[in-house]
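Residue strings, one per chain:
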Amino acid sequence: MQRAAVSDAGARPFDNQDQAIARKVAWRLAPLLMACYFVAFLDRVNVSFAALAMNQDLGFDSAIFGLGAGIFFIGYFFFEVPSNLVLEKLGARVWIARIMFTWGLVSAATALVWNEPSFYAARFLLGAAEAGFFPGVVLYLTYWFPAAHRARMVGLFMAAVPVSGIIGSPLSGWLLGLEGALGLHGWQWLFILEGLPSVLLSVLVWRYLTDRPSQANWLTAGERERLEANLARERAHRDSVRRYRLGEALTNGRVLALAVLYLGLVTGLYGVTFWLPQIVTGFGGLSNLEVGFIVALPTLASAIAMVAWTRHSDRTGERPWHVGLPAFAGCLGLIASGYVSNPLLSMIALSVALIGIYAAIATSWTLPTAFLTGTAAAGGLALINSIGNLGGFAGPYFTGWIKKATGEYSLAFLIIGIGLALSGLIALALRQAVADERPAAAPSGQPS
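Residues numbered from 1 in each chain as written. Predicted model: local features only at pLDDT ≥ 70, side-chain atom pairs only at ≥ 80, totals over all residues. Heavy atoms only, no water.

S.K.: Which parts of the structure should I look at to understand the pattern of salt bridges?
M.R.: Here the idea is simple: oppositely charged side chains can pair when their charged atoms come close. On inspection of all chains with the given rule, the structure shows 5 salt bridges. What emerges from the salt-bridge pattern is a single network uniting Arg152, Asp314 and Arg319. (Salt bridge = Lys/Arg side-chain N within 4 Å of Asp/Glu carboxyl O.)

And the structure:
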C-alpha cells in the first residue's frame, strides 16, 4: 500500500491524488530545470578544469586563479536580489530565458581572456549574468509544489550539480585535449563548447516553461483547482502567522541566520569543488581525462545521497536535523581529507565531505520557504543566496591563498570544515522557529 506523503506540518497527509498531481508537475518541469542547472553549474566551475592548462598559458599562480574563480560571486552578490524581484514580477519563463542567454554568451566569451584583469572581468560578468537563477527556481518551485514535496524537488533540481560533475568532469578533461585545433588552446574550446548549450536552452525555456498553475493547460481543470487550493491554504497560514513585507524579510533575524548558515555550506562546497581537479592531479601520473573520471566519482555519490536524503526529509517532515547532520559529516570529511596522505583515503574523505555538503544545501532551502511568501520570499531567498554565495568567493580564494603560503590544503580545509559545523549548529538552533511556521491542517470543509 502506498504511503501518503506527510505535510510540512505533519498534520494532514497528502492523498494519492495530490501525489499524482505532484508527479505530473515534476515530470513536466523537472527535466528542463535540471538541464538548465546542469549547464549553469558546468559554466560556473569549468574554470577549475581550464586552470590545468590556462594557468600555465597565461602565467596565473594559485592566488590569481583563486581570486578569479571566486570573483564570479561578487557579481552574483550585487545583482541577485534585483534579479529575483524582477523574476517575481515578470515571471520565470521570460526571466530565466534571459538569464540563460546572457550567461551562455559570457561563458563562451571567457575563451577570449588574455591576462589577469580580463580574467577577473569575465568572471565578474558571468556572475552578474547568472544572478537570480538559483533562488528564482527555488521561488518558482514554491508556485507549484506544496511544502510536503518541496525538499525532494529542490534535491532533484540540485542533483544537476553533481551530475554536471559526473558528465562535465570527463568532458572538460577531453576538451582540453583539443589543444591547437583551429589555432585555439584546449581551455578556449572548453569555454566555447560548454557555453553554447546555455544559449540553446534559453530558447526551450522561453517556449516550454509555464509561469503558474493557473496557466497550465497540460493539467486538467480539476488538477489545477486542487493544486492551487493546496498552495493557497499554505500561503494563507504562513501569512496568518506573520505576513512579511519585503523590507522586513531582508532584515529578519531568521533570514540573516539562514544566510550565514548558507555561507558556511557554500564556502565548503566551492572550497573543494574549484580545487578538486588540481588536488587529484597532485596524486601524480594521471592524464587530464583520467583526472576527470576520478573527480566524477565523489559527485556521483553526492547526487545519489542528496536525492535520497531530501526524500527522507519530506517523508518525515523534519528539516533542521536533515541540514545539521550532513553538515557535521561534511566537516569531518573535509578535515580528514587534509590530514591523510594516501590518495584513496583522501578521495574517500573528500567524497564524505561533498555528500554531506550537497545534502545539507538541498534541504536547507526548505527552511526559508516555511515562513516567506510572495515578494518577501523573492527578496529573502535572493538575499540568502547572495550572501551565502559570497562563500563561493571566500572558499576558492582562501584555499588558494593558504595553499600558496603553506604548500598544503590541510589548514584551509580545517578552517572551512569548522564553518560547516557552525552551519549545522545554526540549523539546529532554528528548530523551534521553523516548527512555529509550519502550516496547519486544512479546516473541515475546505478542499483536501
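So much for the structure itself; the text now carries on.
S.K.: Looking at this structure, how should I read the nonpolar core?
M.R.: Grouped burial of nonpolar side chains is what soluble globular proteins tend to show. Within the largest apolar cluster, 124 residues are counted, with the highest numbers of intra-cluster contacts made by Phe133, Trp144, Met158 and Trp365. It is helix α1 (residues 16–45) that provides the largest number of residues to this core, a total of 16 residues. Every residue in contact with tryptophan 365, bar those within four places of it in the chain, is listed here: Phe134, Val138, Val154, Met158, Tyr262, Leu381, Ile384 and Asn385. (Core = buried A, V, L, I, M, F, W, Y, C linked by side-chain atoms within 4.5 Å. Buried < 20%, exposed > 50% of the residue type's maximum accessible area, 1.4 Å probe, protein only. Helix = DSSP H or I, 4+ residues; strand = E, 2+ residues; numbered from the N terminus. Contact = heavy atoms within 4.5 Å.)

S.K.: Would you explain the layout of surface pockets in this entry?
M.R.: A probe matching the size of a water molecule, rolled over the atoms, marks out where space remains unfilled. Here the second largest pocket defines a volume of roughly 280 Å³. Lining the second largest pocket we find 17 residues, and of these Ile279, Phe283, Ser346, Glu408 and Tyr409 sit closest to its centre. Sorting the residues of the lining of the second largest pocket by element identifies α16 (343–364) and α19 (410–429) as the ones contributing at least two each. Tallying contributions element by element places α16 first for the lining of the second largest pocket, with 3 residues. Looking at the lining of the second largest pocket, its residues break down into 7 nonpolar, 8 polar and 2 charged. (1 Å grid on protein atoms, 1.4 Å probe; cavity = no way out; pocket = protein on both sides within 12 Å on 5 of 7 lines; lining within 4 Å. Points joined across faces, edges and corners; volume = space filled by probe spheres on them. Nonpolar A, V, L, I, M, F, W, Y, C, P; charged D, E, K, R; others polar.)

S.K.: Just to check I follow, could you spell out the packing of aromatic side chains for this structure?
M.R.: To describe a pair of aromatic rings, one takes the distance between the centres and the angle between the planes. Following the criterion strictly, the structure yields 22 aromatic pairs and no others. On the numbers, 5.2 Å between centres and 75° between planes, the contact of tryptophan 103 with phenylalanine 133 is edge-to-face. Here phenylalanine 133 lies in helix α6 (residues 133–142) and tryptophan 103 lies in helix α4 (residues 92–109), a separation of 30 residues in the sequence. For the pair shown, tryptophan 103 and phenylalanine 133 are each scored as buried. Taking 4.9 Å as the distance between ring centres and 75° as the angle between the ring planes, the aromatic pair formed by tyrosine 262 and tryptophan 365 counts as edge-to-face. Residue tyrosine 262 is found in helix α12 (residues 253–273), and its partner tryptophan 365 is found in the loop between α16 and α17 (374–388); the two are separated by 103 residues along the sequence. There is no split in this pair, since tyrosine 262 and tryptophan 365 are both buried. One aromatic cluster is present, built from ring pairs that chain together Tyr37, Trp103, Phe133, Phe134, Phe157, Tyr262 and Trp365. One residue, arginine 93, lies across the ring of tryptophan 206, its end atom 4.6 Å from the ring centre. (Phe/Tyr/Trp six-rings, centres within 6.5 Å; stacked < 30°, edge-to-face > 60°. Lys NZ or Arg CZ within 6 Å of the ring centre and 35° of its normal.)

S.K.: What am I meant to see in empty space enclosed by the protein here?
M.R.: Following the criterion strictly, the structure yields 7 cavities of 30 Å³ or more and no others. In this structure, the largest cavity encloses a volume near 180 Å³. In this structure, the largest cavity is lined by 19 residues; those nearest its centre are Val45, Gly165, Ser169, Thr273 and Val295. Breaking the lining of the largest cavity down by element, the ones donating at least two residues are α1, α2 (47–58), α8 (160–175), α14 (288–316) and α16. For the lining of the largest cavity, the element with the highest residue contribution is α8, accounting for 7 residues.

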